[in-house]
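Residue-level structural notes
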Amino acid sequence: MDQVVVLHGERELVARAQHLFMAEHEFTCAARDMATWGAMEVRAGLIERMRRRISSGVRVRKVYNPEVLSEAAELTQLAGVGVGIRICRTPMSHETIIIDRKVAITAGPPVDGVRNYAVVQAPEVVAGLAMLFEATWDSGVDLGEFDGPALDERNREVAQMLGSGLTDEASARKLGLSLRTYRRRVAELMELLAADSRFQAGLRARDLGVR
């Protein structure tokens, strides 16, 4: 394979690059959520595969944005078998897997539901991406120590309305609330998230995985 190859979609990624995912020493992953690498990190049997990978001496570290906390139970299981997991509030500019510091695979944003993946084996570029990963890892917080406020179902519904672009009246109707009750809930959410504005509250709720 050339030093940099762009693959179109998960099917081509699996067909041409799956063998590159077999780490011998180190496997690192930076992603917004657990779906980014869904084709390569098949969920069925993931915990046991990670257990075997770590028991063979491979160091595995993964850093995610807070959106991943919707999968908290699975993350806890992964951490339990030895996967290092950190949460980083800063949105990922690049979603990247690095294998043995020899190969890096970056995921582009979906276009019409399809991602392009760049498979990089140029040593200087892989080294640069590894440095970016380390900086992101250092800025993250261990899964067990992440102290983002827990949003209950009520708060999540209100947060979703803040990001919908609907008026207060339309949002209240959609949730089956009076306008007064809806606005009170918005104020409670802003206080919970220590937000100075509705816009800021919406951003902070998004960081916690509310879409």
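Quantities reported herein were computed from a predicted structural model and do not represent experimental measurements.

Right, let's talk about the pattern of salt bridges for a bit. Tallying each qualifying case throughout the model produces 14 salt bridges. We note a salt bridge from Glu26 to Arg59, for which the minimum N-O separation is 4.0 Å. Here the residue Glu26 occupies a position in strand 2 (residues 26-31), and Arg59 occupies one in strand 3 (residues 59-64), the gap between them amounting to 33 residues. Since its relative accessible area comes to 12%, Glu26 is described here as buried. Each of Glu26, Arg59, Arg61, Arg101 and Glu134 takes part in one network of salt bridges that share partners.

Our next topic: the packing of helix 5 (residues 153-162) against helix 7 (residues 179-192). Two elements in contact, helix 5 and helix 7, have axes separated by 10 Å at closest approach and are oriented at 100°. In this view, helix 5 runs roughly perpendicular relative to helix 7, as classed from their interaxial angle. Touching Arg154, Asn155, Val158, Ala159, Met161 and Leu162 of helix 5 are Tyr182, Arg185, Val186, Glu188, Leu189 and Leu192, all from helix 7. Of the residues belonging to the contact of helix 5 with helix 7, the class tally is 8 nonpolar, 1 polar and 3 charged.

A few words now on unusual backbone geometry. Even without a glycine there, the phi angle at Arg101 is positive, about 55°. Following the sequence through the fold, Arg101 ends up in the loop between strand 5 (95-99) and strand 6 (103-107). One non-glycine residue, Asp112, lies in positive phi territory at about 55°. In this structure Asp112 comes out as exposed when scored by relative accessible area, which is 79%.

Using the criterion set out here, one finds 2 aromatic pairs in the structure. Ring centres 6.4 Å apart and planes at 45° place the aromatic pair Phe21 and Phe27 in the tilted group. Here Phe21 falls in the buried class, since its relative accessible area comes to 4%. Relative to Trp137, the ring of Phe133 has its centre 6.1 Å away and its plane inclined at 20°; by these criteria the two rings are stacked. You can see Phe133 and its partner Trp137 sitting in helix 4 (residues 123-139), 4 residues apart, about one turn around the helix. Residue class for Trp137 comes out buried when judged on its relative accessible area of 8%. Stacked on the ring of Phe27, the Lys or Arg Arg53 has its end atom at 4.4 Å from the ring centre. In this structure, Arg61 is placed above the aromatic ring of Trp137, and the distance from its NZ or CZ to the ring centre is 5.2 Å.

One open sheet holds the 8 strands; their spatial order is 1-7-6-5-2-3-4-8, and the pairing between them is mixed. The sheet is open, and its two edges are formed by strand 1 (4-8) and strand 8 (141-142), each paired on a single side. In the sheet, strand 3 pairs with strand 4 (residues 84-87) via 4 bridges, with the strands oriented parallel. When the bridges of strand 4 are listed, Lys62 appears paired with Ile85.

Turning our eyes to something else, we now look at the confidence of the model for the chain. Per-residue confidence for the chain gives a mean pLDDT of 85, with 90% of residues at or over 70. Confidence, expressed as mean pLDDT per element, reaches its minimum in the chain at helix 8 (residues 198-207) with 77 and its maximum at strand 3 with 95.

So, on to the pairing of strand 2. For strand 2, the buried fraction is high: 6 of the 6 residues fall into the buried class. Side chains Glu26, Thr28 and Ala30 of strand 2 all project onto a buried face; the interleaved residues Phe27, Cys29 and Ala31 project onto the opposite face, where all are buried too. As paired elements, strand 2 and strand 3 share 6 bridges and run parallel to each other. Bridge assignment links Cys29 to a residue of strand 3, and that residue is Lys62.

Attention now moves to the state of the cysteines. Tallying each qualifying case throughout the model produces 0 disulfides. Cys88 supplies the cysteine sulfur nearest to Cys29, a cysteine that is in no disulfide, at a spacing of 13 Å. Cys88 gets classed as buried once you look at its relative accessible area, which sits at 2%.

Reading guide: rules and limits
- Residues numbered from 1 in each chain as written.
- Predicted model: local features only at pLDDT ≥ 70, side-chain atom pairs only at ≥ 80, totals over all residues.
- Heavy atoms only, no water.
- Salt bridge = Lys/Arg side-chain N within 4 Å of Asp/Glu carboxyl O.
- Helix = DSSP H or I, 4+ residues; strand = E, 2+ residues; numbered from the N terminus.
- Buried < 20%, exposed > 50% of the residue type's maximum accessible area, 1.4 Å probe, protein only.
- Axes fitted to C-alpha atoms, helices over the stretch in contact; angles between N-to-C directions.
- Parallel < 35°, antiparallel > 145°, perpendicular 65-115°, else oblique.
- Contact = heavy atoms within 4.5 Å.
- Nonpolar A, V, L, I, M, F, W, Y, C, P; charged D, E, K, R; others polar.
- Phe/Tyr/Trp six-rings, centres within 6.5 Å; stacked < 30°, edge-to-face > 60°.
- Lys NZ or Arg CZ within 6 Å of the ring centre and 35° of its normal.
- Pairing = 2+ DSSP bridges.
- pLDDT = per-residue confidence, 0-100.
- Disulfide = S-S within 2.5 Å.

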